[in-house]
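The primary structure of each chain is shown beneath.
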Amino acid sequence: MAKAENPQYIIKNATALYPRIDRTYRFDNAESRSVPCDPLDDGAEYSMKFKVPQAQAKEMFAQMKAVYDEAKQDNWPDFKNPFKKEEDGNYSYKTILKGAYGTDKTKKPSQFDAKVNPLPDDFQLTTGSVVNIAVQLVPYSTALASGVSLRLRS
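We now turn to the structure provided with this report. Remember, predicted model here, so these are calculated numbers, not experimental data.

Here is what the cut-offs are and how they apply
- Residues numbered from 1 in each chain as written.
- Predicted model: local features only at pLDDT ≥ 70, side-chain atom pairs only at ≥ 80, totals over all residues.
- Heavy atoms only, no water.
- Helix = DSSP H or I, 4+ residues; strand = E, 2+ residues; numbered from the N terminus.
- Rg over C-alpha atoms; globule rule 2.2 N^0.38 Å.
- Buried < 20%, exposed > 50% of the residue type's maximum accessible area, 1.4 Å probe, protein only.
- Contact = heavy atoms within 4.5 Å.
- Areas by Shrake-Rupley, 256 points an atom, 1.4 Å probe, with all protein chains shown as cover.
- Core = buried A, V, L, I, M, F, W, Y, C linked by side-chain atoms within 4.5 Å.
- Salt bridge = Lys/Arg side-chain N within 4 Å of Asp/Glu carboxyl O.
- Phe/Tyr/Trp six-rings, centres within 6.5 Å; stacked < 30°, edge-to-face > 60°.

**Digging into the overall build of the chain**
Part 1 of the argument: The helix and strand tally for the chain stands at one helix and nine strands.
Part 2 of the argument: Counted from the first residue to the last, the chain has its helices and strands arranged as β-β-β-α-β-β-β-β-β-β.
Part 3 of the argument: Taking 154 residues into account, the globule formula puts the C-alpha radius of gyration at 15 Å, and the chain, at 16 Å, falls close to it.
Part 4 of the argument: By principal-axis analysis of the C-alpha atoms, the chain measures approximately 45 × 35 × 35 Å.
Part 5 of the argument: Across the 154 residues in the chain, those meeting the buried criterion constitute 38%.
Part 6 of the argument: In the chain, once contacts between residues fewer than 6 apart in sequence are set aside, the share between residues at least 24 apart is 63%.
Part 7 of the argument: Accessible surface, the chain as shown: approximately 9800 Å² in total, 49% of it carbon and sulfur.

**Remarks on the nonpolar core**
Part 1 of the argument: Counting 28 residues, the largest nonpolar core has Ile11, Phe50, Met64, Ile133, Leu137 and Leu150 as its most contacted members.
Part 2 of the argument: When residues of this core are traced back to their parent elements, those giving at least two are β1 (8-28), β3 (45-52), α1 (54-71), β5 (91-98), β8 (130-141) and β9 (146-152).
Part 3 of the argument: Non-local contacts of leucine 150, meaning those with residues more than four positions away in its chain, are made with Ile11, Phe50, Met60, Met64, Tyr93, Thr95, Ile96, Val135, Gln136 and Leu137.

**A look at unusual backbone geometry**
Part 1 of the argument: The residue tyrosine 18 is not glycine, and still its phi comes out positive at about 55°.
Part 2 of the argument: Checked against the element boundaries, tyrosine 18 lands in strand β1.
Part 3 of the argument: You will see that valine 116, though not glycine, has its phi angle at about 65°, which is positive.
Part 4 of the argument: Structurally, the position occupied by valine 116 is in the loop between β7 (104-105) and β8.

**Quick word on the pattern of salt bridges**
Part 1 of the argument: By the definition in use, this model includes eight salt bridges.
Part 2 of the argument: With a closest N to O distance of 2.9 Å, arginine 33 and glutamate 31 form a salt bridge.
Part 3 of the argument: Under the relative-accessibility criterion, arginine 33 is labelled partly exposed at 44%.
Part 4 of the argument: You can call glutamate 31 partly exposed: its relative accessible area is 42%.
Part 5 of the argument: Across the pair aspartate 88 and lysine 51 runs a salt bridge whose closest N-O atoms are separated by 2.5 Å. A residue pair is termed long-range when its members are at least 10 positions apart, and aspartate 88 in the loop between β4 (84-85) and β5 and lysine 51 in strand β3 qualify at 37 residues.

**Notes on the packing of aromatic side chains**
Two numbers describe a pair of aromatic rings. These are the distance of the centres and the angle of the planes.
Part 1 of the argument: By the definition in use, this model includes five aromatic pairs.
Part 2 of the argument: Between phenylalanine 50 and tyrosine 93, the aromatic rings sit 6.5 Å apart at their centres with planes inclined by 70°, giving edge-to-face as the arrangement. Linking phenylalanine 50 in strand β3 with tyrosine 93 in strand β5, this pair joins segments that are 43 residues apart in sequence.
Part 3 of the argument: Residue tyrosine 93 is classed as buried on the basis of its relative accessible area, which comes to 15%.
Part 4 of the argument: Between the aromatic rings of phenylalanine 83 and tyrosine 93, the centroid separation amounts to 5.4 Å while the plane-to-plane angle is 45°, which identifies the pairing as tilted.

Below is the structure:
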């Protein structure tokens, strides 16, 4: 039987924090910051932390848990809440999309304005922007961690 495709989810009216989605970036230890890089470089990713109100975080947690529980295998641990409570009472989480899986480069997340017009390829979203984020929910469990990845799509 074929595996069902991982479901899409739209995070509405989230506040963007440290968006790096105009191109791939990797963390450079020597510079102690994220730097632009090629999608095939080790650690290359598109990423954005976001925050949402508590009620929305609870709804997202329920969706993520349902996807995890559906895919859960006998040796997987129970799903834990991945959201971090911020000082302002909102909850945050980071969505990423690796620059490549193996040697296959990923498609850059699409960006649109409020009227759903495509933004220029070099558009740089800024921290504090209120955005809708399309993600794909991907459950996983490895020797080091388990959970549901929110793969950034647009």
